[in-house]
Amino acid sequence: MAVVPRLASAVMLLRNEHAGTGMEVFMVRRVVQSEFMPDVYVFPGGSIKADDRAVEESAQLCAPVPARETVADPEGRTALGTGARVAAIRELFEEAGVLLAYRNGSLLALTENEAERARFADYRRAFHERRGSLVELAQREGLQLATDQLHYFAHWLTPEGMPRRFDTHFFLALAPGEQQAVYDHLETSDGLWIRPSEALARYQEGSFPLVFATLRQLEELAAFASAEEALAFAASHYVALKQPRLVQEGDGYRIYLPGDEQGWEVPPHMTQG
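Everything numeric in this text was worked out from a predicted model, so none of it was measured.

Undergrad: Hey, could you run me through the overall build of the protein chain in this one?
TA: Secondary structure assignment for the protein chain yields 8 helices and 14 strands. For the protein chain, whose C-alpha radius of gyration is 18 Å, the value lies close to the compact-globule estimate of 19 Å for 273 residues. Referenced to the eigenvectors of the C-alpha coordinate spread, the extents of the protein chain come out at roughly 60 × 45 × 40 Å. Here the protein chain, with 273 residues, has 50% of them falling under the buried criterion. Residue pairs at least 24 apart in sequence account for 69% of intrachain contacts in the protein chain once pairs closer than 6 positions are excluded. Just so you have it, the protein chain exposes about 12900 Å², and 50% of that area is on carbon and sulfur atoms.

Undergrad: What exactly am I supposed to notice about helix H8 (residues 227–236) here?
TA: Along an α-helix, a turn takes 3.6 residues, which lines up residues three or four apart on a common side. Within H8, the full set of buried residues consists of Ala 227, Ala 230, Leu 231 and Ala 234. Take H8 and look down its axis: the buried residues cluster within an arc of 95°, on one side only. Against strand S1 (6–16), strand S2 (23–30), helix H2 (69–72), strand S8 (151–157) and strand S9 (166–174) lie the buried residues of H8.

Undergrad: Just checking my understanding: could you explain unusual backbone geometry for this structure?
TA: Trans peptide bonds make up the majority, and among non-glycine residues the majority have a negative phi. Residue Asn 104 is not a glycine yet carries a positive backbone phi of 55°. Tracing the backbone shows Asn 104 in the loop between strand S5 (101–103) and strand S6 (106–107). Phi angles above zero are rare outside glycine, and Arg 130 is one such case at about 60°. Positionally, Arg 130 belongs in the loop between helix H4 (114–128) and helix H5 (134–141).

About the thresholds
Residues numbered from 1 in each chain as written. Predicted model: local features only at pLDDT ≥ 70, side-chain atom pairs only at ≥ 80, totals over all residues. Heavy atoms only, no water. Helix = DSSP H or I, 4+ residues; strand = E, 2+ residues; numbered from the N terminus. Rg over C-alpha atoms; globule rule 2.2 N^0.38 Å. Buried < 20%, exposed > 50% of the residue type's maximum accessible area, 1.4 Å probe, protein only. Contact = heavy atoms within 4.5 Å. Areas by Shrake-Rupley, 256 points an atom, 1.4 Å probe, with all protein chains shown as cover. Arc of directions from axis to C-beta.

Printed below as a string of structure tokens:
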């Protein structure tokens, strides 16, 4: 029976290095016990839920998606109502502790008030325990989710033949200056800011495990000198679906994109049901 892909979202959170020497992206490492992509570095993300779609249907809770997104997504794959944007915001909060939201017209700041930081840590803990609700959080705190701060960047579909498949929308977002990204210590075992070129170099050395889609997107991010340059690119380019092929070679499998002769060797556990 064919595996139906699960809809998902992920966020590449960006910031410029303090020394002005380049751009960094925040990545987390999945725990070894994870059922999908264990012990590899990824961008914060996960499956789109019915509650995410419900939140997007409330105009008061979500900032309107700007017109610039029609260039990247004229079909409306990530329009409000699909759940893609709120899922991205929720997963970023759960896995990185960063909440993209507005309070009184300004991006949420959580660096100065210790009591407020503790309160939002409690919200995050509730999300991890499957008790959290973005609606409740937003209403209690007087927030509007910053769905307009997400820049659509990539669309990947897991190859046919894989036991777990995801139809994933990837967004770029500029890290709020008054929030600190911290991995969750539950679903992830590490979190760090890293230059895309450094992540790629460490991957080649064997010290920074990656999967195919993450590897290719880091290669694309490495071309940008700043976060602003990456966001400008996203605002002016159409996002095409990338659907690699799974090919059996000997006793193993490799993944290829069209025109890609090198491909990527799939770890055995990823092809097992």
